[in-house]
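# Per-entry structural report
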Amino acid sequence: MKMAQKKRMRWLKGAAVLGVAGIALALAGCVTQQRFDQTVRERFPAPGEMIDIGSHRLHLNCTGEGSPVVVLEAGLTGWSQDWSHVQPLLAKRTTVCSYDRAGYGWSDEPAAPQEIKDNIEDLRRALLAAGHRPQWILVGHSLGGLHAQAFARLHPEELSAVVLVDSLETGLMTSMATEDEQRYNRNIERLAGSSVWLSRIGMTRLLGVPVTLIADRHPTADERLAAKSLGMRTSAFRTFRDEVHRVPQWLDHVASLPPYPDVPTMVLSTNAVADFPP
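As the structure is a prediction and not an experimental result, all values here were calculated from the model. (Residues numbered from 1 in each chain as written. Predicted model: local features only at pLDDT ≥ 70, side-chain atom pairs only at ≥ 80, totals over all residues. Heavy atoms only, no water.)

Right, let's get into the sheet that holds strand β2 (residues 57–63). Taken in spatial order, the seven strands make up an open sheet running β1-β2-β4-β3-β5-β6-β7, and their pairing is mixed. In this open sheet, the two strands that pair with only one neighbour each are β1 (49–52) and β7 (265–268). Between one strand and the next, the sheet's axes are offset by a mean angle of 25°, whatever the strand orientation. In the packing of helix α3 (residues 116–129) onto the sheet, contacts are made with β1, β2, β3 (69–73), β4 (96–99) and β5 (136–141), and the angle to β2 comes to roughly 55°. Strand contacts of helix α4 (residues 143–154): β3, β5 and β6 (159–165), with the helix running at about 145° to β5, the strand carrying the most contacts. (Pairing = 2+ DSSP bridges. Helix = DSSP H or I, 4+ residues; strand = E, 2+ residues; numbered from the N terminus. Axes fitted to C-alpha atoms, helices over the stretch in contact; angles between N-to-C directions. Contact = heavy atoms within 4.5 Å.)

Here we take up the packing of α4 against helix α8 (residues 234–256). Interaxial distance between α4 and α8 falls to 11 Å at its minimum, and their mutual angle equals 35°. Our pair here, α4 against α8, has a crossing hand that is left-handed. Only Glu243, Val247, Trp250, Leu251, Val254 and Ala255 of α8 make contact with α4, whose side of the interface consists of Leu143, Leu146, His147, Gln149, Ala150 and Arg153. Of the residues contributing to the contact of α4 with α8, the split by class is eight nonpolar, two polar and two charged. (Left-handed = near helix turned anticlockwise from the far one by under 90°. Nonpolar A, V, L, I, M, F, W, Y, C, P; charged D, E, K, R; others polar.)

Further remarks concern helix α7 (residues 221–230). Along α7, the residues that are buried comprise Ala226, Ala227, Ser229 and Leu230. Burial along α7 is one-sided: seen end-on, the buried residues are contained in an arc of 165°. (Buried < 20%, exposed > 50% of the residue type's maximum accessible area, 1.4 Å probe, protein only. Arc of directions from axis to C-beta.)

This next bit is on the pattern of salt bridges. Throughout the structure, instances matching the rule amount to 11 salt bridges. Note that Arg246 is salt-bridged to Glu115, the shortest N-O span being 3.3 Å. On the criterion of sequence distance, the pair formed by Arg246 in helix α8 and Glu115 in the loop between β4 and α3 is long-range, its members being 131 residues apart. Residue class for Arg246 comes out buried when judged on its relative accessible area of 16%. A salt bridge links Lys117 to Asp118, with the nearest nitrogen and oxygen atoms 4.0 Å apart. One network of salt bridges, in which partners are shared, links Arg41, Arg57 and Asp108. (Salt bridge = Lys/Arg side-chain N within 4 Å of Asp/Glu carboxyl O.)

So, on to the layout of surface pockets. Within this model, the second largest pocket holds a volume of roughly 240 Å³. Forming the walls of the second largest pocket are 15 residues, and the residues nearest its centre are Pro47, Asn61, Gln81, Trp106 and Glu223. Of all the secondary structure elements, the ones that give two or more residues to the lining of the second largest pocket are α2 (87–90) and α7. Take the lining of the second largest pocket: its biggest share by element is three residues, from α7. Residues that form the lining of the second largest pocket fall into these classes: seven nonpolar, six polar and two charged. (1 Å grid on protein atoms, 1.4 Å probe; cavity = no way out; pocket = protein on both sides within 12 Å on 5 of 7 lines; lining within 4 Å. Points joined across faces, edges and corners; volume = space filled by probe spheres on them.)

As a further point, take a nonpolar patch on the surface. A contiguous nonpolar surface patch, about 390 Å² in accessible area, is contributed by Met203, Leu206, Leu207 and Val209. Position of Leu207 among the secondary structure elements: in the loop between α6 (203–206) and α7. (Patch = residues over 30% accessible without salt bridge, like charges linked within 9 Å, V, L, I, M, F, W, Y side chains within 5 Å. Areas by Shrake-Rupley, 256 points an atom, 1.4 Å probe, with all protein chains shown as cover.)

β3 sits mainly inside the fold: five of its five residues count as buried. Residues Val69, Val71 and Glu73 line one face of β3 and the alternating positions Val70 and Leu72 line the opposite face, and both faces are buried.

Nothing here speaks to function; it is all geometry.
This is the structure we're talking about:
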């Protein structure tokens, strides 16, 4: 009996030591992550303008000259840098503006999670504050395509055309079997939720995992490093989580808006390359 008790006591002491060590490491990770979050935007200056839209600042990067102004809206986990291969080509012909939704890239994190209409109004305010008047050509990729559809339904008079690039569509969830939809929602919610607390203790940064999927695809080493660093901030993972949580409601909300207007629209899509499993 005494031998068993001694073994148990040694085991409990070992577990306690490991527990204390784990807590200490987590606290140290939190401190270093906070410092990283505070300095990363200073290390990588924004290529565009920081536009004060009232409650927070939005990063708007406009290049080229002329009209109409082409506005680029990135997808889930993305920001202005997602268009690093596309924007320079379009800027040879006209003015092109890419931007970062609140919480991503160089834009400030909002005080509360954004709804799709909040993102749309943010973009409108930023464009107008920068002196770019409608009529805009709005290009939206994936989740950004859903934003573009909502923008067109709410403010058709401000757009001269819309381009949807592999866009989400409002019938996405209804096209899935109920069991598949529930499994998808569970898995993506777990992924998004766990990524936030892992980023808070610095684990995603230590593992070299940014929120963006395309950090390694940008044209230059500086752009790749900036994308990876910006994508490792806790605010980026929080924004990812908040957007993932709201996608089903956003799909329903856009479907409930007035019918899609008579705005010239081009749809681009492919199934040749996929970043996500079926």
